[in-house]
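# Structure assessment
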Amino acid sequence: ISQIKIADEMLTEEAEDLISNLPVVIRQRILCFVPIELAIKTSLLSKRWRHVWCDIPSLSLKANTLTADSINKTLALYTAPKMKSFHLLISPIKKNIPYIDTWIKFAMSRNVENLSLDVRRPYYEEYKLPDFFYNSSSFKQLNIKFTQKMVMECRYGSSWVSLQKLLLSFCSLSDESMAKILSGCPILEYLRLYHCSRLKVLDLSKSLRLRTLEVNRNLKTRGPRQIVAPHIHCLRLLDSMRSCTLVDVASLTEAKLDICYVPTNKPFFEFTQPGFLQLQVKVLEMLEKLQNAEKLTFGSNFIQILSLAEIRGVYFPMLKVKSLTLDTVISQYVIPGIQRQLQNSPDLEKLVVGGRTSSKAIPEHHLDQYLKSQSLKLDQCWRSSKDGFKWNTSCWYVQPKHVTAFVELVLEKTEKSDKMVLLLDKRYLKSYIEDLTATLAHNNNVIIGPLPPTSQW
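Residues numbered from 1 in each chain as written. Predicted model: local features only at pLDDT ≥ 70, side-chain atom pairs only at ≥ 80, totals over all residues. Heavy atoms only, no water.

### Notes on unusual backbone geometry
One non-glycine residue, N111, lies in the positive phi region at around 55°. Within the element layout of this structure, N111 appears in the loop between helix 5 (97-109) and strand 3 (114-119). Looking at N111, the relative accessible area reads 36%, which means it is partly exposed. (Helix = DSSP H or I, 4+ residues; strand = E, 2+ residues; numbered from the N terminus. Buried < 20%, exposed > 50% of the residue type's maximum accessible area, 1.4 Å probe, protein only.)

And the structure:
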């Protein structure tokens with residue numbers, strides 16, 4: 001019995017020491033995925049673990065759970081000469097402000113490649129990024145996030161010669177500061193601007209390596225109002241009701257567009273009537289710029305504006321799109337716009353219908369009121385022009401006949417295509433598979449399948 005007990009204890013010790021026997025590099029990699037407080041405590045396990053955390057390649061410090069003093073002590077013990085990533089979350093404690101520059105300078109002294117700075121709470125408006133921040137040859141990715149709009153003032157230009165990816169959220173930038181930042185990023189490939197105000201013209205004409213641009217703006221975030229990006233291949237734009245202008249996107253091959261609706265206290269005829277008219281003009285101008293793109297994604301609000309333009313008989317440009325994604329549900333408010341897009345897309349090979357709803361969708365009654373203001377009869381506007389079929393008035397009331405009619409509409413508008421792949425939301429396929437099977441019995445050029453999970457805006 002004693003021998004068995006001794007054997008069990010030996011096995012337990014071997015199991016406990018399994019991780020300790022791993023190479024130091026692997027143990028350091030493991031510690032990168034745990035909170036820094038726990039990583040530091042591993043130094044108490046044994047001599048083998050005493051200094052492992054001091055050389056981990058990535059640090060994540062959250063000043064909402066750590067005091068400034070504990071962060072300073074942690075950095076004092078950190079010995080890695082090269083830092084892969086550094087994530088700093090600043091807590092809502094005003095006394096942390098004097099230390100922010102010191103913490104940033106520490107990361108830069110270790111040639112950090114990926115820096116993430118998350119500054120929270122409104123009173124940090126008195127804090128500005130230091131001038132030395134704009135001079136680093138090691139940055140490869142920067143993610144600057146403020147929960148309130150804070151000023152980024154690049155006074156003397158930037159020197160981010162290795163930067164490939166730049167993400168800015170809630171930053172207040174002037175055209176001049178943005179130009180100075182971009183001038184120091186010769187190999188920038190990806191730029192994301194999330195609710196960045198003050199920008200009027202986003203001029204990316206000198207960013208020769210930039211390939212992907214993401215811009216998210218709403219009613220309160222006016223900038224940028226114009227986008228000059230002749231070298232980008234991919235554009236993702238969540239626009240506001242006061243739409244921006246695509247001045248030059250000549251190299252574009254892929255685009256994802258939608259409009260963010262933000263309710264206001266303004267009366268309907270003060271805002272939505274001229275607003276809808278202006279949006280139709282802007283949306284059609286965007287389509288003109290997208291004529292050579294082969295992959296397009298349109299959100300629900302974007303399609304609804306296209307529907308208004310189609311009802312009014314406005315000219316639509318022809319498109320060379322081969323893959324079209326409609327991130328919307330089936331309802332009468334999107335059918336006219338979808339019909340026109342299918343008619344004007346002769347090279348279409350793949351159609352995806354998302355079927356998702358959004359809390360930021362333009363209210364349906366606003367669309368109806370706008371059409372009434374144009375002296376148009378709603379029944380005639382929303383009924384099918386071919387046979388008078390009446391579509392569902394709400395995204396929540398989709399019936400089998402509506403899905404079947406939609407598929408038939410797609411088949412009719414794309415009958416010249418050699419092959420069509422139609423991906424539908426699984427809720428449509430699950431309930432209406434028998435109706436769809438009957439509809440497709442004599443159409444060998446169409447493949448219908450479920451829509452895989454995709455990211456939201």
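The structure having been displayed, the exposition proceeds.
### A few points about the pattern of salt bridges
Scanning all chains against the criterion turns up eleven salt bridges. Between E113 and K140 there is a salt bridge, with its nearest N and O atoms 3.9 Å apart. On the criterion of sequence distance, the pair formed by E113 in the loop between helix 5 and strand 3 and K140 in the loop between strand 3 and strand 4 (141-151) is long-range, its members being 27 residues apart. Taking the relative accessible area as the measure of exposure, E113 reaches 11% and is therefore buried. One salt bridge connects R192 with E214, and the closest N-O pair in it is separated by 3.5 Å. Here R192 is found in strand 6 (residues 190-194), whereas its partner E214 is found in strand 8 (residues 212-216), with 22 residues between them in sequence. Look at R192 and you get partly exposed, because its relative accessible area is 24%. One connected set of salt bridges, linked through shared partners, spans K82, K84, E113 and K140. (Salt bridge = Lys/Arg side-chain N within 4 Å of Asp/Glu carboxyl O.)

### Some thoughts on the packing of aromatic side chains
All told, the structure shown has ten aromatic pairs when counted by the stated rule. Ring centres of Y99 and W103 lie 5.9 Å apart, and the angle between their planes is 15°; on these two criteria the pair is classed as stacked. Here Y99 and its partner W103 are both found in helix 5, four residues apart, which amounts to about one turn of the helix. Take W103: its relative accessible area is 0%, and that puts it in the buried class. Members of the aromatic cluster, connected to one another through ring pairs, are F133, Y134, F139 and W160. Between K105 and the ring centre of F132, over which it is positioned, the NZ or CZ distance is 4.8 Å. Here K165 stacks its cationic end above the ring of Y190, 4.7 Å away from the centre of that ring. (Phe/Tyr/Trp six-rings, centres within 6.5 Å; stacked < 30°, edge-to-face > 60°. Lys NZ or Arg CZ within 6 Å of the ring centre and 35° of its normal.)

### Some words on the packing of helix 4 (residues 68-77) against helix 5
Running from N to C, helix 4 and helix 5 cross one another at 20°; their axes reach a closest spacing of 12 Å. With respect to helix 5, the element helix 4 is oriented roughly parallel. Where helix 4 crosses over helix 5, the handedness of that crossing is left-handed. Residues A68, I71, N72 and L75 of helix 4 touch helix 5, and the partners they reach there are Y99, W103 and F106. Of the residues contributing to the contact of helix 4 with helix 5, the split by class is six nonpolar, one polar and no charged. (Axes fitted to C-alpha atoms, helices over the stretch in contact; angles between N-to-C directions. Parallel < 35°, antiparallel > 145°, perpendicular 65-115°, else oblique. Left-handed = near helix turned anticlockwise from the far one by under 90°. Contact = heavy atoms within 4.5 Å. Nonpolar A, V, L, I, M, F, W, Y, C, P; charged D, E, K, R; others polar.)

### Remarks on the environment of L193
If you trace the backbone, L193 turns up in strand 6. Each C-alpha atom, one on L193 and one on L167, is 6.2 Å from the other, the two residues being 26 residues apart in sequence. Beyond its immediate stretch of four places on either side in the chain, L193 contacts L168, M178, L199, L202, E214, V215 and N216.

### Quick word on a nonpolar patch on the surface
Judged by side-chain polarity, L18, I19, L22, I26 and I30 come together as a nonpolar surface patch covering roughly 420 Å² of accessible area. Position of L22 relative to the elements: it lies in the loop between helix 1 (2-16) and helix 2 (24-31). (Patch = residues over 30% accessible without salt bridge, like charges linked within 9 Å, V, L, I, M, F, W, Y side chains within 5 Å. Areas by Shrake-Rupley, 256 points an atom, 1.4 Å probe, with all protein chains shown as cover.)

### Considerations on the sheet that holds strand 9 (residues 226-228)
Two pairing modes exist for strands in a sheet, parallel and antiparallel, and in both the strands are linked by backbone hydrogen bonds. Pairing is parallel in the open sheet, where three strands are placed in the order 7-9-11. If you trace the sheet from one side to the other, it starts and ends with strand 7 (201-203) and strand 11 (245-248), each paired once. Geometrically, the sheet is characterised by an average inter-axis angle of 15° between neighbouring strands, direction not taken into account. (Pairing = 2+ DSSP bridges.)

### Describing the environment of S136
One can find S136 in the loop between strand 3 and strand 4. Residue classification places S136 among the buried positions, given a relative accessible area of 6%. S136 sits 24 residues away from W160 along the chain, and the two C-alpha atoms are 5.4 Å apart. Those residues within four positions of S136 in sequence are excluded, and the remaining contacts are M108, S159, W160 and V161.

### Focus: the confidence of the model for the protein chain
Per-residue confidence for the protein chain gives a mean pLDDT of 80; residues scoring 70 or more make up 75%. Within the model, the stretch residues 267-271 combines pLDDT values under 50 with eleven contacts to residues more than four positions away or in other chains. (pLDDT = per-residue confidence, 0-100.)

### Quick notes on helix 10 (residues 364-373)
Those residues of helix 10 not exposed but buried are H366, L367, D368, Y370 and L371. Directly after helix 10, the chain includes S375, whose backbone phi takes a positive value near 60°.

### Some thoughts on the packing of helix 8 (residues 300-311) against helix 9 (residues 335-343)
Contact geometry of helix 8 with helix 9 gives a least axis separation of 6 Å together with a crossing angle of 80°. In terms of orientation, helix 8 and helix 9 fall into the roughly perpendicular class. Listed contacts from helix 9 to I303, L306, S307, E310 and I311 of helix 8 are I335, P336, G337, I338, R340 and Q341. Within the contact of helix 8 with helix 9, the residues separate by chemical class into six nonpolar, three polar and two charged.

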